[in-house]
Amino acid sequence: MESRICINPSILNANFNDLENEIAKVSEVSDFLHLDIMDNIFVPNFTFDLKKAFEIISLSKLPVDSHLMISNPDEIAPLYAENGSASVTFHFEAATDVGKTVSNIRSSGSKVGLAIKPATQLNEIEKWIEKIDMLLIMTVEPGFGGQSFMQDQLEKVSQARTIIERFPKNKPNLQIDGGVSLETIGDAARAGANCFVAGSAVYKADNPAEMVSSLRKFAQANYRF
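Residues numbered from 1 in each chain as written. Predicted model: local features only at pLDDT ≥ 70, side-chain atom pairs only at ≥ 80, totals over all residues. Heavy atoms only, no water.

Peer 1: When you look at the environment of glutamate 130 in this model, what are you seeing that I'm missing?
Peer 2: Its place among the elements puts glutamate 130 in the loop between strand S5 (111–116) and strand S6 (134–138). Note on glutamate 130: relative accessible area 40%, which makes it partly exposed. C-alpha separation for the pair glutamate 130 and isoleucine 163, spaced 33 residues apart in sequence, amounts to 9.2 Å. Not counting residues up to four positions away in its chain, the partners in contact with glutamate 130 are Phe167, Pro168, Lys169 and Asn170. (Helix = DSSP H or I, 4+ residues; strand = E, 2+ residues; numbered from the N terminus. Buried < 20%, exposed > 50% of the residue type's maximum accessible area, 1.4 Å probe, protein only. Contact = heavy atoms within 4.5 Å.)

Here it is in structure tokens:
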């Protein structure tokens, strides 16, 4: 992934009974489809099993970033890479061997994202940042869509951008997920985020594609890195 503004709709708030059409609504204006995978163990919610997830990946007209909010990413993450996910993002808090999981995802053909929950501090994962393609900072507690944006995470975003800008090359994308809207995306972009997951804002809008374009415009106007 190159460092630029990315708007990645999450289908967590889409109509699960008509996903092909729901994805098509945003395919012309979005960068990735954000696929939330929850196992009701790592987070208190369940979305898709492997079979359904791989079906969504195969039908999506957008490249898919699979966000694994699951308890066993070391074992499962490479399967998403092998089954067509363009990017696989797993949680630092759930992994038993971060380095091995990063390597296994990449060797299976996908970009690698590392996600952290709001309570996780950057110093816990700083050594991995230069080895991944994307750092995902959660701006809500993972598990449910429609939550309010956690403003206190903006300092972490700013700190992460400072770290990333020190790298001479291979700068990973910096993504936020949770509560992204027209009211919050400008602050996040100013703090240094360049990729944004938007679920409720997109799929509760009268015109999801127009909302994606508006979010991109707001982010571009405020991103200075």
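Now that the structure has been shown, the text picks up again.
Peer 1: Please explain the nonpolar core as it appears in this structure.
Peer 2: The tendency in soluble globular proteins is for nonpolar side chains to be buried side by side. Formed by 65 residues in total, the largest nonpolar core has its most connected members in Ile11, Leu35, Tyr80, Ile125, Leu135 and Phe196. Looking at this core element by element, the count peaks at 5 residues for helix H5 (residues 154–165). Not counting the four nearest positions on each side in its chain, tyrosine 80 is found in contact with Ile37, Leu50, Ala53, Phe54, Ile57, Ser66, Leu68, Ser85 and Val88. (Core = buried A, V, L, I, M, F, W, Y, C linked by side-chain atoms within 4.5 Å.)

Peer 1: Looking at this structure, how should I read the pairing of strand S7 (residues 173–177)?
Peer 2: Two faces, one strand: in a regular strand the side chains alternate between the faces of the sheet. The element S7 is largely enclosed, with a buried count of 5 among its 5 residues. Where S6 lies against S7, 5 bridges are found, and the strand directions are parallel. Directly across from methionine 134, in S7, lies its bridge partner asparagine 173. As for the winding sense of the linkage, the β-α-β connection from S6 through H5 to S7 is right-handed. Across 3 bridges, S7 lies against strand S8 (residues 195–198) in parallel orientation. Paired with isoleucine 176 across the bridge in S8 is phenylalanine 196. (Pairing = 2+ DSSP bridges. Right-handed = clockwise from strand over helix to strand, strands pointing away.)

Peer 1: What am I meant to see in the sheet that holds S5 here?
Peer 2: Strand-to-strand pairing in sheets goes through backbone hydrogen bonds, with the strands running parallel or antiparallel. A sheet is described by the order of its strands in space; here 8 strands give the open sequence S1-S8-S7-S6-S5-S4-S3-S2, paired in parallel fashion. With one partner strand each, in any of the chains shown, strand S1 (6–9) and strand S2 (33–38) form the two edges of the open sheet. The mean angle between the axes of side-by-side strands here comes to 25°, regardless of whether they run parallel or antiparallel. Relative to S8, S1 is paired through 4 bridges, and the arrangement is parallel. Paired with proline 9 across the strands is alanine 198, a residue of S8. Packing of helix H3 (residues 73–82) onto the sheet brings it into contact with S2, strand S3 (64–69) and strand S4 (87–91), and relative to S4 it is tilted by some 165°. Against the sheet, H5 contacts S5, S6 and S7, and its axis sits at roughly 165° relative to S7. (Axes fitted to C-alpha atoms, helices over the stretch in contact; angles between N-to-C directions.)

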